[in-house]
Amino acid sequence: MSIIQSTDLEARGLLNDQSSALQIQGKWFKPGPAFTKSLLQTALDFCKDAREHGRQYLLIEFPTYFMAWQRIRPKTSPSPSQKPSSSKPAIPTQTPPPPPPKQTAQPNTPAAEPPDLSTKATLASVNRIFINRCKTELAVHVGPMADFLTEQTLKQSPHLSPQQLIEALALQIPDTTAALAFRKALE
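Overview of the structure. Predicted, not measured: the structure shown is a model, and the values here were computed from it.

Below, the discussion takes up the overall build of the protein. Within the protein, the secondary structure is distributed over six helices and five strands. Secondary structure elements of the protein occur, N-terminal to C-terminal, as β-α-β-β-α-β-β-α-α-α-α. Taking all 187 residues of the protein together, 30% fall into the buried category. Across the protein, every contact between residues at least 6 apart in sequence was considered, and the portion connecting residues at least 24 apart equals 65%. When the accessible surface of the protein is summed, it comes to about 12400 Å², and 55% of that surface belongs to carbon and sulfur atoms.

Reading across from one edge, β1-β4-β5-β3-β2 is the order of the five strands in this open sheet, with mixed pairing throughout. Of all strands in the sheet, those with a lone pairing partner are β1 (3-5) and β2 (22-24), marking the two edges. Ignoring strand direction, the axes of neighbouring strands in this sheet form an average angle of 40°. Across five bridges, strand β4 (residues 57-61) lies against strand β5 (residues 65-72) in antiparallel orientation. Within the sheet, the bridge partner assigned to Tyr 57 lies in β5 and is Gln 70.

This part takes up the packing of aromatic side chains. For the coordinates displayed, the defined rule picks out three aromatic pairs. When the centroid spacing of 4.9 Å and the interplanar angle of 70° are considered together, the rings of Phe 46 and Tyr 57 count as edge-to-face. In this pair, Phe 46 is assigned in helix α2 (residues 40-52) and Tyr 57 in strand β4, connecting sequence segments eleven residues apart. What makes Phe 46 partly exposed here is its relative accessible area of 25%. Exposure remark for Tyr 57: the relative accessible area of 11% places this residue in the buried category. An aromatic cluster of at least three residues, connected via ring pairs, comprises Phe 35, Phe 46 and Tyr 57.

Between helix α4 (residues 146-156) and helix α5 (residues 162-170), the least distance of the axes is 10 Å, while the angle of their chain directions is 125°. As the angle between them shows, α4 and α5 are arranged oblique. The interaxial crossing formed by α4 with α5 has right-handed handedness. Counted together, Leu 149, Thr 150, Thr 153 and Leu 154 of α4 and Leu 165, Ala 168 and Leu 169 of α5 form the full contact between these two elements. Its residues assigned to classes, the contact of α4 with α5 comprises five nonpolar, two polar and no charged.

With that settled, the discussion passes to the environment of Ile 60. Residue position: Ile 60 is located in strand β4. For the pair formed by Ile 60 and Ala 34, sequence separation is 26 residues and the distance between their alpha carbons is 9.4 Å. Ignoring any residue separated from it by four or fewer positions in sequence, one finds Ile 60 in contact with Ile 4, Gln 5, Ser 6, Leu 9, Leu 22, Tyr 65, Phe 66, Met 67 and Trp 69.

Counting 31 residues, the largest nonpolar core has Leu 22, Trp 69, Leu 138 and Phe 182 as the members making the most contacts within it. Of all the secondary structure elements, the ones that give two or more residues to this core are β2, β3 (27-36), β4, β5, α3 (119-142), α4, α5 and α6 (176-185). It is α3 that contributes the most residues to this core, six residues altogether. Residues contacting Leu 138, with those up to four places away along its chain left out, are Gly 143, Ala 146, Leu 149, Thr 150, Leu 169, Ile 173 and Phe 182. Counting residues in hydrophobic clusters, the runner-up holds eight residues, among them Phe 35, Tyr 57, Leu 59 and Ala 68.

What counts as what
- Residues numbered from 1 in each chain as written.
- Predicted model: local features only at pLDDT ≥ 70, side-chain atom pairs only at ≥ 80, totals over all residues.
- Heavy atoms only, no water.
- Helix = DSSP H or I, 4+ residues; strand = E, 2+ residues; numbered from the N terminus.
- Buried < 20%, exposed > 50% of the residue type's maximum accessible area, 1.4 Å probe, protein only.
- Contact = heavy atoms within 4.5 Å.
- Areas by Shrake-Rupley, 256 points an atom, 1.4 Å probe, with all protein chains shown as cover.
- Pairing = 2+ DSSP bridges.
- Axes fitted to C-alpha atoms, helices over the stretch in contact; angles between N-to-C directions.
- Phe/Tyr/Trp six-rings, centres within 6.5 Å; stacked < 30°, edge-to-face > 60°.
- Parallel < 35°, antiparallel > 145°, perpendicular 65-115°, else oblique.
- Left-handed = near helix turned anticlockwise from the far one by under 90°.
- Nonpolar A, V, L, I, M, F, W, Y, C, P; charged D, E, K, R; others polar.
- Core = buried A, V, L, I, M, F, W, Y, C linked by side-chain atoms within 4.5 Å.

Written as C-alpha cells, this is what we have:
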C-alpha cells in the first residue's frame, strides 16, 4: 500500500485543512480514522483489513499523524454525454463538496428523488463538516482515539454549540498547552 503525503495533495489544490471530502482520479473519499505516527503498522493493517472486506481507503500522511480516507460512491452517476477528462486527478478551484448524506430507504419514495436542499439538511452538512474538522484537529493531540472521543461526547450531549463542543473535546487533551492549541486551531 502506498502512503500519500498531505503536502503533495495540498500543493495540487486537492486538500486543505478544512477538507471534508477529497476527489482523486474521479473517486471521492471522506476522512476516516486517524493514527499517531507510532501506529503506522496499525494504520496499514486497518487499510488492508478494510480492503479484504470490500472497503477502499487511502492512507495520507500529515506532519504529525496518518489518516485513512474511505472511498465513497455518490448516488448519482454522470450522464452519457459527460466523458471522463483524463487519468490525471481533477484540481478543484474550491474545497470539494461534502460527501452525500447517508440515506435510508423510505417507502413510497422514488429512487431518483433530488437531494434535500432544505435549511435543515444544509445545517446538518455544515455541522458534520465542523465535527470532522474537530476530529481531525483532536487527532493531532490524542491520536486515533479522536473519532471515538468526539462521537462519545456527541452521544452524551447531542445539542452542544460549536464552542461547547470545542471546550468538551479540549478537556480530553491531557497537555494544557496542546489543549490551548486545539482551541485556537478551531476558533
